[in-house]
Amino acid sequence: MNNFTFCNPTKIIFGRGMIARLAREIPADKKIMVTFGGGSVRRNGVYEQVTAALAGRDYIEFWGIEPNPKVETLRCAVEQCRAEGVDFLLAVGGGSVLDGTKLIASAVHYDGDAWELTLTGRAKGRVLPFASVMTLPATGSEMNNGAVISNATTAEKYAFYTTYPQFSILDPGVTFSLPPYQVACGIADSFVHVIEQYLTATGVSPLMDRWSEGIMQTLVEVAPKVRENQNDYDAMATYMLSATMALNGFVAMGVEQDWATHMIGHELTALHGLTHGHTLVIVLPALMDVMREQKGAKICQMGERVFGITEGSTEERIDRTIEATEAFFRSLGLTTRLSDEGIGEETIAEIERRFTKRSVGLGERGNIDGKVARKILEKAL
Ligand code: NZQ
Ligand code: ZN
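Just so it is clear, the model here is predicted, and its values are computed rather than measured.

Points about the overall build of the protein chain
Now for step 1: Helices and strands together make up the secondary structure of the protein chain, namely 15 helices and eight strands.
Now for step 2: Against the compact-globule benchmark of 21 Å for 381 residues, the protein chain has a radius of gyration of 20 Å, which places it among compact chains.
Now for step 3: In terms of overall dimensions, the protein chain has C-alpha extents of about 65 × 45 × 45 Å along its principal axes.
Now for step 4: Evaluated residue by residue, the protein chain yields a buried proportion of 58% over its 381 residues.

Following this line, the structure appears as structure tokens:
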């Protein structure tokens, strides 16, 4: 096992009616900016619950943080925070609202431009405290320090790291209103988050392996229930907690991480606007195939422990595990090929060009460069 430090300071407040606890979690003297997306919270009762909980508090609202939050939008919020002396941010929405809010919190006291800050990859100097009411189980953003920010002008999308939310309120009841496509993408995203921290070498940490396999098994088990009845509170609660646990650092202790599927997926979103979780289900099966020599032993372990695949030669077991993974994604109602989405050679060439220009070396061994990314994307056609 590798050395590691671990500290996740986010307080999770989970369950029915918990949004009412908001006011007691935010110090009374704070000037709050509440950030929102495009309006889903007005239709599912979350907005009313938040404003009722904040009655009598000094707050302003900022609307319009879009899916794949754009720096162009976030700059406006930064200006407003500065002008109004905001000193606490509350994000109410999905991963995009949370991520956007993380950049706002980091940029208010930063001298330069918010995109310049994004490109440095890490927050610098003072970051405003922030918290969330998370409405879409997928990203884990409610309990991690990551944010993924897009630039509409340059069609780029990059990860940025800052401080953790002080607290996050998770009420599974607010997920009943999610579009089924977002649920499918959310389950897929959570599953692939575990994979990025799991599908590397065998035997590094048996404990991390079992936790990861437990989350993946839980997602495979709960997915049909969630898809059958999105108003099933317990099923949605299980999905919601799985999404949080998939990317809050708990399965990452002392193990290598990959993240190449995400990095390639971000390019597909940047170039085509394809929803994040959907990009991952297209890239992952192809990546498993191209990287089968390096990842074979762990793929077989996953096949056995997550999908019950115990028969056949090593190569056959790898094939069957990749098939089972793709079949799981398809069972969510998602397409798993680039051609299904009308994406082809032009995009592959652009991603290869970008990765080569940036000299990227992705994956746990740093050996996925532009050329290997091309191979993966060609397999995903
Ligand atoms: O904008 P509104 O009107 O709120 O609607 C949203 C949006 O259209 C809607 N929605 C959210 N909660 C809802 C709801 N609709 C009905 N009922 C609800 N309860 O869903 C749509 C998608 O929302 P979005 O926030 O974009 O989705 P998600 O949570 O999947 O976030 C995606 C973003 O997170 C990044 C992705 O790259 C992408 O930019 N990621 C962030 C990570 C992190 N912070 O650690 C890691 C991930 O790997 C990921 O990259
Ligand atoms: Zn993701």
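Observations regarding the pattern of salt bridges
Now for step 1: For the coordinates displayed, the defined rule picks out 24 salt bridges.
Now for step 2: One salt bridge connects E267 with R354, and the closest N-O pair in it is separated by 2.9 Å. With E267 in helix α10 (residues 260–272) and R354 in helix α14 (residues 345–358), this residue pair connects regions lying 87 residues apart in the sequence.
Now for step 3: One salt bridge in this structure joins E350 and R353, with 2.9 Å as the shortest N-O distance. Note that E350 and R353 are positioned in helix α14 at a spacing of three residues, about one turn of the helix.
Now for step 4: Its relative accessible area of 22% is what places E350 among the partly exposed residues.
Now for step 5: Judged by its relative accessible area of 45%, R353 is partly exposed.
Now for step 6: Sharing partners across several salt bridges, the network here consists of E267, E350, R353, R354 and R358.

Concerning helix α4 (residues 71–84)
Now for step 1: Helix length check: α4 (14 residues) gives 20 Å between terminal C-alpha atoms against 20 Å at 1.5 Å per residue, within 8%.
Now for step 2: Of the positions making up α4, those classed as buried are V71, T73, L74, A77, V78 and C81. Buried positions in α4, seen along its axis, are confined to an arc of 150° and lie on one side of it.
Now for step 3: At its buried positions, α4 is contacted by β2 (32–35), β3 (59–62), β4 (88–93), α5 (95–107), α6 (114–120) and β6 (146–151).
Now for step 4: Among the residues trailing α4, G85 stands out with phi positive, at a value near 65°.

A look at the domain arrangement of the protein chain
Now for step 1: As assigned here, the protein chain comprises domain 1 (11–174) and domain 2 (180–379).
Now for step 2: With centres defined by C-alpha atoms, the gap from domain 1 to domain 2 works out at 27 Å.
Now for step 3: Domain 1 puts 24 residues into the contact, and the matching count from domain 2 is 22 residues.
Now for step 4: Here domain 1 packs against domain 2, burying approximately 2000 Å² in sum over the two surfaces, 63% of which is carbon and sulfur.
Now for step 5: One can count zero salt bridges joining domain 1 with domain 2.
Now for step 6: Our count for the domain 1 to domain 2 interface comes out at seven residue pairs in polar contact (both at pLDDT 80 or more).
Now for step 7: Secondary structure elements with two or more residues in the side of domain 1 that touches domain 2: β1 (11–14) and β7 (156–161).
Now for step 8: When residues of the side of domain 1 that touches domain 2 are assigned to their parent elements, the largest contribution, three residues, is made by β7.

Brief notes about a nonpolar patch on the surface
Now for step 1: Residues M1, F4 and F6 make up a contiguous nonpolar surface patch of about 320 Å² in total accessible area.
Now for step 2: Take M1: it is sitting in the segment before β1.

A few points about the coordination of the zinc ion (ligand 2)
Now for step 1: Protein coordination of the zinc ion (ligand 2) is provided by D189 (OD), H193 (NE2), H262 (NE2) and H276 (NE2), with donor distances spanning 1.9 to 2.1 Å.
Now for step 2: Overall, D189 belongs to the buried group, its relative accessible area being 2%.
Now for step 3: Residue H276 is classed as buried on the basis of its relative accessible area of 14%.

Considering the site of ligand 1
Now for step 1: In the vicinity of ligand 1 there are 32 residues, among which S40, G95, S96, K157 and H193 approach most closely.
Now for step 2: Between ligand 1 and S96 there is a distance of 2.6 Å, counted from an oxygen atom to a side-chain nitrogen or oxygen.
Now for step 3: Taken together, the elements giving at least two residues each to the shell around ligand 1 come down to α5, β6, α7 (180–198) and α10.
Now for step 4: Taken together, the residues of the shell around ligand 1 sort by class into nine nonpolar, 20 polar and three charged.
Now for step 5: Both domains that furnish three or more residues to the shell around ligand 1 are identified here as domain 1 (11–174) and domain 2 (180–379).

Topic: the sheet that holds strand β5 (residues 130–134)
Now for step 1: Taking strand neighbours across the sheet as the criterion, the six strands line up as β1-β8-β5-β4-β2-β3 in an open arrangement whose pairing is parallel. Each having just a single partner strand, β1 and β3 make up the two edges of the open sheet. Geometrically, the sheet is characterised by an average inter-axis angle of 15° between neighbouring strands, direction not taken into account.
Now for step 2: Relative to β3, β2 is paired through four bridges, and the arrangement is parallel. Bridge pairing in β3 links V34 to E61.

A word on the nonpolar core
Generally speaking, a soluble globular protein has its nonpolar side chains buried in company with each other.
Now for step 1: By size, the foremost hydrophobic cluster in this structure holds 61 residues, and its most contacted members are I187, F329 and L332.
Now for step 2: Of all hydrophobic cores here, the second largest spans 33 residues; its members include A91, W115, L117 and V127.

Topic: the packing of aromatic side chains
Now for step 1: All told, the structure shown has nine aromatic pairs when counted by the stated rule.
Now for step 2: Aromatic pair F328 and F329: ring centres 5.9 Å apart, planes at 40°, arrangement tilted. Both residues of the pair, F328 and F329, belong to the buried class.
Now for step 3: An aromatic cluster is built from F6, W211 and F250, whose rings are joined through pairwise contacts.
Now for step 4: Over the aromatic face of Y233 sits the side chain of R16, whose NZ or CZ is 3.7 Å from the ring centroid.
Now for step 5: Taking NZ or CZ as reference, K298 lies 4.4 Å from the ring centre of Y198, over its face.

Conventions adopted
Residues numbered from 1 in each chain as written. Chains lettered and ligands numbered in written order. Predicted model: local features only at pLDDT ≥ 70, side-chain atom pairs only at ≥ 80, totals over all residues. Heavy atoms only, no water. Helix = DSSP H or I, 4+ residues; strand = E, 2+ residues; numbered from the N terminus. Rg over C-alpha atoms; globule rule 2.2 N^0.38 Å. Buried < 20%, exposed > 50% of the residue type's maximum accessible area, 1.4 Å probe, protein only. Salt bridge = Lys/Arg side-chain N within 4 Å of Asp/Glu carboxyl O. Expected span 1.5 Å × (residues − 1). Arc of directions from axis to C-beta. Contact = heavy atoms within 4.5 Å. Domains from an automatic or database assignment. Buried area = accessible area lost by both parts, 1.4 Å probe. Polar contact = N/O pair within 3.5 Å; in protein donor to acceptor, adjacent residues only side chain to side chain. Patch = residues over 30% accessible without salt bridge, like charges linked within 9 Å, V, L, I, M, F, W, Y side chains within 5 Å. Areas by Shrake-Rupley, 256 points an atom, 1.4 Å probe, with all protein chains shown as cover. Donors = N, O, S within 2.8 Å, 3.2 Å for Na, K, Ca; no water. Near = heavy atom within 4 Å. Nonpolar A, V, L, I, M, F, W, Y, C, P; charged D, E, K, R; others polar. Pairing = 2+ DSSP bridges. Axes fitted to C-alpha atoms, helices over the stretch in contact; angles between N-to-C directions. Core = buried A, V, L, I, M, F, W, Y, C linked by side-chain atoms within 4.5 Å. Phe/Tyr/Trp six-rings, centres within 6.5 Å; stacked < 30°, edge-to-face > 60°. Lys NZ or Arg CZ within 6 Å of the ring centre and 35° of its normal.

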